[in-house]
Amino acid sequence: MTASTRVSRRNFLAVGSLTSLGLTLGDYLFLRQAQGSETVPEPKAKSVIHIFMPGGMSAQESWDPKPYAPIEYRGEMGSIDTKIRGEKFGDVLRRTAQVADKMTIVRSLTHGEAAHERGVHNMFTGYRPSPALVYPSMGSVVSHELGPRNNLPAYICVPNQPNPSASTGYLSSSYAPFSLGAAPEQNGFKVRDLNLPGGVDEVRYDRRRELLEFVNCEFNNRVQADNIGAMNTFYERAFDLVSSNEAREAFNLEAEDGKARDRYGRNQAGARMLLARRLVEAGARFITLTYGGWDHHQQITANMRRLMPAFDQAYAALLSDLDERGLLESTLVLVSSEFGRTPKINQDGGRDHWPKVFSVALAGGGVQRGAVVGSSGPTASEPEDTPVSPEDLATTIYHQLGIKAEKELMAPGARPIEIVKGGQVRREIVG
Amino acid sequence: MSHATQQSQRFLQSVKGHYGLVTLAAICLTSIATAEEPEFVELAVYPPTAALHDAADYQSVVAVAKRADGVSVDVTDQVEWTLESADDVAASEGHTIRPQGDGHGVLKAKLGELFDQCDVTVTNSQAERAISYRHDVIPVLVRAGCNAGACHGSARGKDGFRLSLFGFDPAGDYQRLTREMSTRRINRALPDDSLLLVKAVGGVPHTGGKLFEHDTVYYEKLRTWIEEGVPNDLEGAATVASVDFYPPRVVLEGEGTTQRFVVIANYSDGSTRDVSNLAVFSSNNDTVAKLDADGLATAGMRGEAFVMARFDTHTVGSQVIVLPKGLGFSPTDDQPANYIDELVGAKLDDLRLEPSGTASDAEFLRRVTIDIVGLLPTPEEVAQFSADSSPDKRARKVDELLEREEFAKIWGLKWAELLLVRTENNRVDYKPMFLYSQWLKHQIDEEVPLDEMVRNLLSASGGSFDTPQVNFYQIEPDTKKIAENVAQAFLGIRLQCAQCHNHPFDRWTMDDYYSFHAFFTQISRKRGSDYREWIVFNRGVGESNHPVGGRQMAPKFLGGEQPETNGRDRREVVAEWITSPDNPWFAPSIANRVWAHFMGVGIVEPVDDFRVSNPPSNPALLDAIGSKLIDYKYDLRQLVRDICNSHAYQRSTVANASNETDTKNFARAQPRRLGAETLLDCVCQVTAALEKLPGLPLGARAVEIADGRSSNYFLTTFGRARRETVCACEVRGEPTLSQALHLLNGGTVHSKIGQGKLVPSMLEAGKTPTEVVDEIYLRCLARRPTTEEQSKIVAVLGDNEKPVAELEDVFWAVLNSREFLFNH
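No experiment lies behind these values; they were computed from the predicted model shown.

A. Looking closely at the overall build of chain B. Helix and strand counts for chain B stand at 29 helices and 27 strands. Judged by the C-alpha coordinates and their principal axes, chain B covers about 100 × 75 × 50 Å. By the burial criterion, 48% of the 824 residues in chain B qualify as buried. Across chain B, every contact between residues at least 6 apart in sequence was considered, and the portion connecting residues at least 24 apart equals 63%.

B. Region of the structure containing the sheet that holds strand 11 (residues 240-246) of chain B. Residues and elements named next belong to chain B. Reading across the sheet, the 3 strands line up as 11-14-15 and stay open at both edges, with antiparallel pairing between neighbours. Only two strands of the sheet have a single partner each, and these edge strands are strand 11 and strand 15 (272-274). Each strand axis lies, on average, 20° off the axis of its neighbour in the sheet, ignoring direction.

C. Up close: unusual backbone geometry. The peptide bond linking Val158 of chain A to Pro159 of chain A adopts the cis configuration, its omega dihedral lying at -5°. The topology assignment puts Pro159 of chain A in the loop between strand 5 (155-158) and strand 6 (178-179). Geometrically, the link from Tyr246 of chain B to Pro247 of chain B is a cis peptide bond, its omega value of -10° lying close to zero. Of note in this structure, Phe166 of chain B is not a glycine but carries a positive phi near 50°. Position of Phe166 of chain B among the secondary structure elements: in the loop between helix 3 (133-143) and helix 4 (170-178).

D. Inspection of the confidence of the model for chain B at higher detail. All names here are of chain B. A residue-level look at chain B finds 95% of positions with pLDDT of 70 or above and a mean pLDDT of 90. Contacts for the low-pLDDT stretch residues 1-35, under 50 throughout, to residues beyond four places or in other chains number 28 contacts. Note on the complex model: pTM 0.84, ipTM 0.83.

E. A look at the confidence of the model for chain A. Chain-level pLDDT for chain A is 90 on average; 90% of the residues reach the 70-or-more range. Here residues 1-37 of chain A is modelled with pLDDT under 50, and outside its nearest four sequence neighbours on either side it reaches 29 contacts, counting other chains as well.

F. A look at the pairing of strand 18 (residues 296-299) of chain B. Residue and element names in this part refer to chain B. Burial of strand 18 is one-sided: the residues Ala297 and Ala299 facing one way are buried, the residues Leu296 and Thr298 facing the other way are not. Of the strand pairs in this sheet, strand 13 (residues 258-260) and strand 18 are connected by 3 bridges, and their pairing is antiparallel. Paired with Arg260 across the strands is Leu296, a residue of strand 18. Note: strand 17 (residues 289-291) against strand 18, 3 bridges, orientation antiparallel. Paired with Ala289 across the strands is Ala299, a residue of strand 18. Linking strand 17 back to strand 18 in an antiparallel pair, the connection comprises 4 residues, with Gly295 at a positive phi of about 80°.

G. Quick peek at the sheet that holds strand 7 (residues 90-93) of chain B. All names here are of chain B. Here 3 strands make up an open sheet; going across it, the order is 3-8-7 and the pairing antiparallel. With partners counted over all chains shown, the strands left at the sheet margins are strand 3 (59-60) and strand 7, one partner each. The pairing of strand 3 with strand 8 (residues 96-99) spans 2 bridges and is antiparallel. Bridged to Ser60 within strand 8 is Thr96.

H. Expanded view of the nonpolar core. Ile287 and Leu362 of chain A together with Ala63, Val263, Val320 and Val814 of chain B are the most contacted members of the largest nonpolar core, which totals 341 residues. For this core, the element with the most residues is helix 13 (residues 300-324) of chain A, which contributes 13 residues. When near neighbours in sequence (up to four residues on either side) are disregarded, Val814 of chain B contacts Val215 of chain A together with Ile776, Tyr777, Cys780, Leu781 and Phe820 of chain B.

I. A look at helix 7 (residues 138-146) of chain A. All names here are of chain A. Taken as a whole, helix 7 has its buried residues at Met138, Gly139, Ser140, Val141, Val142 and Ser143. The elements touched by buried residues of helix 7 are helix 6 (116-125), strand 5, strand 7 (286-290) and helix 14 (390-400). Two residues or fewer after helix 7 comes Gly147, characterised by a positive phi angle close to 70°.

J. Structural detail: helix 20 (residues 636-645) of chain B. Residue and element names in this part refer to chain B. Burial analysis of helix 20 places 7 of its 10 residues in the buried class, which makes it a mostly covered element. Considered for burial, the residues of helix 20 that qualify are Leu636, Leu639, Val640, Asp642, Ile643, Cys644 and Asn645. Residues of helix 20 that are buried sit in contact with helix 7 (339-351), helix 8 (361-373), helix 10 (393-402), helix 11 (406-418), helix 18 (586-599) and helix 19 (619-631).

K. Inspection of the packing of helix 24 (residues 747-756) of chain B against helix 28 (residues 804-816) of chain B at higher detail. All names here are of chain B. Between helix 24 and helix 28, whose axes approach to 10 Å, the crossing angle comes to 140°. By the angle between their axes, helix 24 is oblique relative to helix 28. Of the two possible hands of crossing, helix 24 and helix 28 adopt the one that is right-handed. Together, Val749, His750 and Ile753 of helix 24 and Glu808, Phe811, Trp812, Leu815 and Asn816 of helix 28 make up the contact between the two elements. Of the residues that constitute the contact of helix 24 with helix 28, the class distribution is 5 nonpolar, 2 polar and 1 charged.

L. Layout of the domain arrangement of chain B. Its domain assignment divides chain B into domain 1 (133-227), domain 2 (339-406 + 597-672), domain 3 (420-579) and domain 4 (673-823). With 11 residues of domain 2 of chain B in contact, the opposing surface of domain 3 of chain B contributes 11 residues.

M. The arrangement of the packing of helix 12 (residues 268-282) of chain A against helix 13 of chain A in detail. Residues and elements named next belong to chain A. Close contact between helix 12 and helix 13 brings their axes to 8 Å; oriented N to C, the two are set at 20°. Between helix 12 and helix 13, the crossing angle belongs to the class labelled roughly parallel. Relative to helix 13, helix 12 is oriented so that their crossing is right-handed. On helix 13, the residues that touch Gln268, Ala269, Gly270, Met273 and Arg277 of helix 12 are Ala310, Phe311, Gln313, Ala314, Tyr315, Leu318, Asp321 and Leu322. In the contact of helix 12 with helix 13, the residues fall into 8 nonpolar, 3 polar and 2 charged.

N. Layout of the pairing of strand 5 of chain A. Residue and element names in this part refer to chain A. Going residue by residue along strand 5, you find Tyr155 and Cys157 tucked away on one face and Ile156 and Val158 tucked away on the opposite face as well. When strand 5 meets strand 7, the two strands line up parallel, connected through 4 bridges. Across the sheet, residue Val158 finds its bridge partner in strand 7, namely Leu289. Bridge count for strand 5 against strand 6 is 2 bridges, and the pairing is parallel. The partner of Cys157 across the bridge, within strand 6, is Ser179.

Conventions and cut-offs
- Residues numbered from 1 in each chain as written.
- Chains lettered and ligands numbered in written order.
- Predicted model: local features only at pLDDT ≥ 70, side-chain atom pairs only at ≥ 80, totals over all residues.
- Helix = DSSP H or I, 4+ residues; strand = E, 2+ residues; numbered from the N terminus.
- Buried ≥ 20, exposed ≤ 12 C-beta atoms within 10 Å, placed from the backbone.
- Contact = placed C-beta atoms within 7 Å.
- Pairing = 2+ DSSP bridges.
- Axes fitted to C-alpha atoms, helices over the stretch in contact; angles between N-to-C directions.
- pLDDT = per-residue confidence, 0-100.
- Core = buried A, V, L, I, M, F, W, Y, C linked by C-beta atoms within 7 Å.
- Parallel < 35°, antiparallel > 145°, perpendicular 65-115°, else oblique.
- Left-handed = near helix turned anticlockwise from the far one by under 90°.
- Nonpolar A, V, L, I, M, F, W, Y, C, P; charged D, E, K, R; others polar.
- Domains from an automatic or database assignment.

Structure, rendered in structure tokens:
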């Protein structure tokens, strides 16, 4: 086999495209090395809210309607104008259409994994799944790179870690997400164990901590292991959280006035997004929340009409609310799903899995206001221009957070692994 | 010599551009001089036999010499090669043999005083082999990556051209290659203009880039195939029966050292072929050993890697250990306690790892008690054990613990996880679930051998009340899932990938999947007389159809024969095969689960992912514990005794400089967070506060909960399995923030200390605060506080004579300590 086949296809293309600039491979490698020593990018976003729509949300019924396609492609739903001139959304996104001028829609996301867990892995980690190594999620990498802020856990999952790919991969389990363990939309929602138990005041609590130090001391000095280290870290985080009123208060949805709750909607989407805003406002770095189930192999119209209105209301409220509070510039809000759905409606009135082209929506954190990137062509079959890969998306998000995606993290066995391999910062998205 | 050189040059010319062997041949000519002859003790030539079947056939060989310290060196270019044969059957050039005439010969290798050889057989030396679609074209498409998942092998193809993933459907690929887009992909009039070739060499833009050059064997094979009229030899073509990968195991010293590997395919018609230039090479750890496209491994950092070659549907691998140059190391003089220590020790010597010291008596007692019975030693047991000065006290303690009934409970819990004991809406009511868990408890209490239990379970028919083991088939109705569950739970094999395509990293094909599935397609169910009861029976009809082409697949054992099933319940047949002592996975996978429970990490890890590309860290050890389990008639107690008495188990958790980064070779003990059920049981035990668990009387233990669906916040937070799948990953052992918060502020620790009232009652009984502290330490940590700990704690207690709150805070601190939460 020749040397070129050993270069991965992506690298090959990347180098290939440089030749038009008159760069040789040697120059390119030198440049890459130089990049490696360059200082980290200036962070624009301080926090990320990742709204994940599990199951594979249809783009044709939401961000990327095809009003001029035949009915079997277009589907039964209509489309409406948005605040971005000439661009339409599905007619279930009425309120979101009115804040589209705060957003960037990428309509040409593409990857090759049509199975849920593999697609999810792509979108959460920026890597294709590998049998040899488990990659960390973006949230865990952010936790690893940036650490906690204002005593809040860096990476929080609402209500729970949504899938195995949302976890730490090869990184230490210290960077695992904090799962609320309770759903914010439920009556009497409360995150457990944040407050001191009855009968334990500050004085007693301090005494307990002091005693715990004494008991732990000898053992922790003697025995070193990743899981013990992780437990130690979580105890530190727990102490930070418990001792900070502001941090604990961030989990208290009751503290929001009724108007705000109504604005977001008193339902799954509204409660989760409102809580995400509170957490971001208080200093959390990366919130992953899920809403609904979008694996609509059947009856896509009915399902979208059932699920979308609550999302529409909550999401539009979230973007406006963040903007009003001056938080949108420092908070990147990503709406994604593991893949999109087939161009044609199937015999059951649904659409099947389609990773070849689908849409994600971004807003805030330095993302362009009012832009559409790429196109899925007349029938949403494949990217017509500007294909964007999960690697690109992850690289761009990391870049906004001030994290260099080429940075190598250490996997077990002292294997240096790039945070994202071969992704580009997509200037179409972030300018 | 001059003759040889001439011949070499001819040879060089003849292969120029072919097979990418030019550089290797060149090395052979110039590598005579070596500075200093190291002391070798063993020489091995691979392959041991070579067969050449036609004029263009060839076989490359590799010679590996081993030093006394175990380090191996690729000496292919240093040995003196001579080919001895009566009638000059073949010519050897460096490491490649080519046919000259039919007959037998011996290729001899000599290195100093060491000898080894390769027997050579040549047949049809004058005949040309016809180009084969099955054996030439498909392998080129695999090797070049055309049918990889990210390229044309993706479910929808790529850029309008689809191939089956890794060539699992060669007939379909033939159709698409030759019949779609006629004359574009394949141009028989002008073979070089075929899009198949033009794209591959980058003659026109190709999303996949340039895959190979014009002057390679890959181009030549595809071109010849087109030129000769795209012959299709799928009907009746020999299939690849197995693939050999040589050398099987090497220990390389020094970064940059290389070792060449050879891949040989064995076909169903008995022929063999050197496929080193067609196999796809990979390594599971590139930083330790990287394998290039020619099968040349280069050593990197110190460590262990598994290098693999994939050809046809077979993936084969070899272990590569890399050591730094000049590492001072003397093997430990530790006398092995039993066979386990011998095998663990041999691997540690290979890796130059020094084992950690022995755990203290207190550590051992706590560790072995938690592992065997899922509870902590009582203060009395601690006192007894430390007072005992006989040399065999550890072995006696193991025997004593194994006699306790709690041992059976731990394994009842493990099996309940594997057998998916849980209620399921409209399928498994509480009553059948409860009977199922009672059945399991009975099996374990009565010490029914595991093979018998599994055989009975898998072949069971009857009502879910009176034959409750049929619930295994009732909980999961889908027969494909049942087949997958059986393979994963009892054989440690994950078949899931092969449902839709040949497994890319293992040997399993779609044929294997659907033939194994066929054992379970005749299960049927009907309602019993009670509305909660179901009857599972063998319908005697029902087949498994291959999704490509709809072929009906006859039942066939995984990697084995096609048994006669006429007139029998197919499940009985497969149950006999699974539990037979000859089954290569059943006993090792169970033994490995036992091993992982005690050592914190399996020899194969995850324990239910036995696959070629996930090899055992110590194959000899896995074999040994597997065959011991068979010898012991599947009595777990005897295997547990071997493990717990080994030094490997009794090591300290404290790392030394040489083993601190190693977690896979048992050089030291791995700290493990107590499992959800065990942790709750231990908290209840030490606080003397009873827990009311769902479905159980007050004070029953969490390991006894029958239903996988029953849980409480504590158990869920600490990772209790929900038993929705057979995957070992359902039990989660990693720490989380929620766990820390719950232990700090939650109901469990704080309230149980209050409920148990241990502190006030000990003070009432006249114990001094210092004695109470001692007692708390002994109960929870199986040791007394050190003088330093004692003095620091006493300072906090203050002058109060009965400092209840202060002592309860000590209790709280001990229960929150890492030393309590972990088994170490």
